[in-house]
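Examination of the molecular architecture
Chain by chain, the residues run as shown.
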Amino acid sequence: VQLQASGGGLVQAGGSLRLSCAASGSISNVGIMGWYRQVPGKQRELVATIRSSGSTNLADSVKGRFTISRDNAKNTVYLEMNSLKPEDTAVYYCNVEIHRPGRLFAYWGQGTQVTVSS
């Protein structure tokens, strides 16, 4: 399973970005898909997750500004980020759970840099 993330970049505070992460390979049962972020010297933190049913969970720090969605037919998860703040600057990683008989596998994307200037 390979995850290809894209959409990061440099944006001014108050701006918007849209991240995408497409999963490919031997995929038949995709579970929770999500986005995490990490800044140097800190632990990776959850940003948002979405179940196959569409149920979402967002970190308090991004509620009202970020939206997570997914396209199950394309095995792709999106993160729409609006009203960006300098503190949103981080490397963003996508995470995908794959269910196989008796086991659950989690895969990480390569990370995409988001930089918000003040």
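For the structure, check the block above.
Residues numbered from 1 in each chain as written. Predicted model: local features only at pLDDT ≥ 70, side-chain atom pairs only at ≥ 80, totals over all residues. Heavy atoms only, no water.

1. Looking at the overall build of the chain
Quick note on the threshold: Here a strand is any run of E in DSSP of at least two residues, a helix any run of H or I of at least four, and the numbering for each starts at the N terminus. In this description the radius of gyration comes from C-alpha coordinates, and the expected globular size is given by 2.2 Å times residues to the power 0.38. Only protein chains enter the accessibility calculation, which uses a 1.4 Å probe; a residue whose area is less than 20% of its type maximum is buried, one above 50% is exposed, and one in between is partly exposed.
The secondary structure content of the chain amounts to zero helices and 11 strands. Put simply, the chain runs from its N terminus to its C terminus through helices and strands in the order β-β-β-β-β-β-β-β-β-β-β. For the chain, whose C-alpha radius of gyration is 14 Å, the value lies close to the compact-globule estimate of 13 Å for 118 residues. Structurally, the chain occupies a C-alpha span of about 50 × 25 × 20 Å along its principal axes. Across the 118 residues of the chain, 40% fall into the buried class.

2. A short note on the nonpolar core
Rules: Put simply, a nonpolar core is a bunch of buried Ala, Val, Leu, Ile, Met, Phe, Trp, Tyr and Cys residues held in one set by side-chain atoms that sit within 4.5 Å of each other.
The biggest cluster of nonpolar side chains holds 29 residues, and the ones touching the most others in it are Trp35, Val47, Phe66, Ile68, Leu79, Met81 and Tyr92. Secondary-structure elements contributing two or more residues to this core are β1 (2-6), β3 (17-24), β4 (30-38), β5 (45-50), β7 (66-71), β8 (76-81), β9 (90-100) and β11 (112-117). In terms of residue count, β9 provides more of this core than any other element does, five residues in total.

3. Some words on the state of the cysteines
Heads up, the condition is: Two cysteine sulfurs form what is called a disulfide whenever their separation falls within 2.5 Å.
Enumeration over the complete set of coordinates arrives at one disulfide. Each disulfide pairs two cysteine sulfurs, and for Cys21 the partner residue is Cys94, the sulfurs being separated by 2.0 Å. With the S-S bond torsion at 50°, the cross-link from Cys21 to Cys94 turns out right-handed. Residue Cys21 is located in strand β3, and its partner Cys94 is located in strand β9; the two are separated by 73 residues in the primary sequence. Across the pair, exposure class does not vary: Cys21 and Cys94 are buried alike.

4. Notes on the sheet that holds β1
Let me state the cut-off plainly: For two strands to pair, DSSP has to find at least two bridges joining them. Axis lines are fitted through C-alpha atoms, for helices just across the contact stretch, and the angle between N-to-C directions can take any value from 0 to 180 degrees.
The four strands are arranged β1-β3-β8-β7 in an open sheet whose pairing can be described as antiparallel. Each having just a single partner strand, β1 and β7 make up the two edges of the open sheet. On average, each strand axis in the sheet is tilted by 15° relative to the strand beside it, whichever way the strands run.

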